[in-house]
Amino acid sequence: MGRVFLATDKVIGRPVALKLISLAWLPEAGISRDDVIPAYLHEIQTAGALLHPNIVVIFDAGIQDDYFYMVMEFVFGKTLLRLQRSNTFSINKALETVYELALAVEYAHSRSVVHRDIKPENIIVSTQGVPKITDFGIARFKRQLRSGREVLIGSSRFMAPEQVLRHEQDHRVDIYQLGVLLYELLTGKNPFRDDSPEITLSRIRDLVPPPPSLFNPQVEEDIDWIVGKCLEKSPQLRFSSARELADYLAQSMRSGIVGGEPPARDLVQRLRQFEIFSMLSGPEIEELARIGDLVSFSRGEAIIRENESDSNFYVLLDGRVQVQKKSRILTRFLPGACFGEIGAFARQRRAATVVAYEPSKLFRINALLFGQCSPHVQLKVLRMVVRHLANLVISLDDEIVRLAPLDTQAEDREDVCQVCRYHSDSPIEICPQCGVVPSRYFSDRSELSPTESAASDESSTGRGSDIV
């Protein structure tokens, strides 16, 4: 449809993606500009109204000379297609990716926008790990450009049967394509693709693909069912909405508790014993329990693996777990400890491995599902998580000082932090690396007036403030 450039918004100074679509071919196709331009602008206005964290935002659009142009959010990252080729997706990561995309698609459907061309090439994963759908509205734009003859629109391996058969299409095309995408992430294979586009299209019409578990034994039966439901030949037999698909994916992501059903009373009572849940009321703990699940690990079994990525964090209920990097043991956690939250919320690869030091029972929370909790529950839990992280960092201060190499020549230098030995180009007031204020700023403390001293005491203790 066109070419995409990296450009700069001169007014705001931000990088943007600029898409240009030539109009030069319209006369040859017998299409009138007067018919095309209003339809194009209408579709762009519709797609431009979409504001969702998993959809690339359209900033501006218009016509210049013989080009449509579209100015879009620039996402620094890689397409899902490139990531598929270089990485194997775990079951959890595949479910989480399609779960986020399904919520984005549901949002678009609620505003009468149907994509109709969902594929790995049209999904960009940012460096923070956030999948974003691009080219929203372009598929509908293509439909508006049809001449009198019937044409096939889309990528052959991701077409829904009704697209191949040129039947009436609706939002369930997107649900079908999400199912094909999930199949690929789980198995590394497309269920219909062949070297011949004609054979690919005939398979889409007639072939019932084998379940993903045939190629990946780790795929559970419920996930096979979800994929099969998405890939039904008849739209009426698929999930009725992308939200329904997301709900079933969420259930597979939290295998221990049935969504919508009250959690067991003993689980709620067990969670109330730990400090991280101490600010939650009984109903709020029940709400949290509905999006989490209980998991058990035997001695030596890995809970988190270094360099893997998912969105789960854990609260240890029984037993002990051990954190290790390669062969080095970093620390051990006792019941009540929360761990894995940095990787889960930052959406980064795990920096260390966590194994069960003895048989352990944990409460697992998926950070993506956690985002569906009420704001009050999220705020209270995050407050305790931040407090836990702060205590952990404080406990490491002595270890940092002990391990810091002694540099006697830097002892009196104002451009070197005396704690972590960070070097700066100018005198350090607050170390940007470890946050320490140099001791020289307190050397004249005894000369302060009583009033100034009291004010300094209050400032240094942080009285009247809190973590969140």
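Residues numbered from 1 in each chain as written. Predicted model: local features only at pLDDT ≥ 70, side-chain atom pairs only at ≥ 80, totals over all residues. Heavy atoms only, no water.

Q: Help me out: how do you make sense of the packing of helix α7 (residues 172–187) against helix α9 (residues 221–230) in this one?
A: The contact between α7 and α9 brings their axes to 7 Å, and the two run at 140 degrees. By the criterion of interaxial angle, the relationship of α7 to α9 is oblique. Seen along the crossing, α7 lies across α9 with a hand that is left-handed. When α7 is examined against α9, the residues I175, Y176, G179, L182, Y183 and L186 are found in contact with a partner set consisting of I223, I226, V227 and C230. Looking at the contact of α7 with α9, its residues break down into 9 nonpolar, 1 polar and no charged. (Axes fitted to C-alpha atoms, helices over the stretch in contact; angles between N-to-C directions. Helix = DSSP H or I, 4+ residues; strand = E, 2+ residues; numbered from the N terminus. Parallel < 35°, antiparallel > 145°, perpendicular 65-115°, else oblique. Left-handed = near helix turned anticlockwise from the far one by under 90°. Contact = heavy atoms within 4.5 Å. Nonpolar A, V, L, I, M, F, W, Y, C, P; charged D, E, K, R; others polar.)

Q: Can you walk me through the side chain of S241 in this structure?
A: You can see S241 is positioned in the loop between α9 and α10 (242–253). Among the residues examined, S241 registers a relative accessible area of 19% and is labelled buried. Of note is the side chain of S241, whose polar atom sits 3.1 Å from the backbone nitrogen of E244. In this structure, S241 is in contact with E106 and I175, ignoring residues within four places of it in sequence. (Buried < 20%, exposed > 50% of the residue type's maximum accessible area, 1.4 Å probe, protein only. Polar contact = N/O pair within 3.5 Å; in protein donor to acceptor, adjacent residues only side chain to side chain.)

Q: Quick question: what am I supposed to make of helix α8 (residues 197–206) here?
A: Three or four residues apart is the spacing at which side chains of an α-helix point the same way, because the helix has 3.6 residues per turn. Those residues of α8 that sit buried are T200, L201 and I204. Mapping the buried residues of α8 onto a view down its axis gives an arc of 95 degrees, with all of them on the same face. Within α8, the exposed residues directed more than 90 degrees away from the buried face are E198 and D206. Contacts made by the buried residues of α8 are with α6 (161–164) and α7. (Arc of directions from axis to C-beta.)

Q: In this structure, what is going on with the pairing of strand β2 (residues 15–22)? I would like to understand it.
A: The side chains of a regular strand alternate between both faces of the sheet. As paired strands, strand β1 (residues 3–8) and β2 are joined by 6 bridges and run antiparallel to one another. From the neighbouring strand, F5 faces β2, where its bridge partner is L18. Between the antiparallel neighbours β1 and β2 lie 6 residues, among them G13 with a positive phi of about 80 degrees. (Pairing = 2+ DSSP bridges.)

Q: Got a minute to help me understand the packing of aromatic side chains in this structure?
A: The description of an aromatic ring pair rests on the distance of the ring centres and on the angle between the ring planes. According to the stated counting rule, one finds 10 aromatic pairs in the structure shown. On the numbers, 6.0 Å between centres and 75 degrees between planes, the contact of F345 with F370 is edge-to-face. Note that F345 is positioned in helix α13 (residues 341–346) and F370 in helix α14 (residues 367–370), a separation of 25 residues in sequence. Taking relative accessible area as the criterion, F345 reaches 35% and is therefore assigned partly exposed. What makes F370 buried here is its relative accessible area of 2%. A network of ring pairs unites the aromatic residues W225, F239 and Y248 as a single cluster. The aromatic ring of Y357 is capped on one face by R299, whose charged end is 5.2 Å from the ring centroid. (Phe/Tyr/Trp six-rings, centres within 6.5 Å; stacked < 30°, edge-to-face > 60°. Lys NZ or Arg CZ within 6 Å of the ring centre and 35° of its normal.)

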